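# Observations on the model geometry
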Amino acid sequence: MNPIAFLKIKPLFETFSQDHPKLLMFLSAAAGQVSKDSIVEISVTNSDGYTMKTNIKVNENDTALFAELKKLMNK
């Protein structure tokens, strides 16, 4: 990631973290439960009630990413 872009996004992420602390706590806890063949599903429902949903089946390459995300969230 471009360091300048990171500097722009950092304060936005900090505000997001303050506004939605339960989401980050959930993501931190969930990251510790993700293993190969786990299913990660995301859905978004807009204000009109339209829902989009997708999922992935976690592979071995993904587990390293989830482990690093968990470390970052616990700092």
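Refer to the preceding data block for the structure.
First things first, this report covers the structure right here in the doc. (Residues numbered from 1 in each chain as written. Predicted model: local features only at pLDDT ≥ 70, side-chain atom pairs only at ≥ 80, totals over all residues. Heavy atoms only, no water.)

What follows covers the overall build of the protein chain. Along the protein chain, the regular secondary structure elements total three helices and two strands. Start at the N end of the protein chain and walk to the C end: the helices and strands fall as α-α-β-β-α. For a compact globule of 75 residues, the expected C-alpha radius of gyration is about 11 Å, and the protein chain comes in at 15 Å, more than 25% above that figure. If one aligns the C-alpha atoms of the protein chain with their principal axes, the spans along those axes are about 35 × 35 × 25 Å. In the protein chain, which comprises 75 residues, the share counted as buried stands at 11%. Once local pairs closer than 6 in sequence are excluded, the contacts in the protein chain between residues at least 24 apart make up 30%. Carbon and sulfur atoms form 60% of the exposed surface of the protein chain, whose accessible area is close to 6,500 Å². If you average the places of the 9 positive and of the 8 negative side-chain charges in the protein chain, the two averages end up 5 Å apart. (Helix = DSSP H or I, 4+ residues; strand = E, 2+ residues; numbered from the N terminus. Rg over C-alpha atoms; globule rule 2.2 N^0.38 Å. Buried < 20%, exposed > 50% of the residue type's maximum accessible area, 1.4 Å probe, protein only. Contact = heavy atoms within 4.5 Å. Areas by Shrake-Rupley, 256 points an atom, 1.4 Å probe, with all protein chains shown as cover. Lys, Arg positive; Asp, Glu negative; His and termini not counted. Charge placed at Lys NZ, Arg CZ, Asp CG, Glu CD.)

This part covers unusual backbone geometry. Of note in the backbone geometry, Asp 37 takes a positive phi value of approximately 75 degrees without being a glycine. You can call Asp 37 partly exposed: its relative accessible area is 43%.

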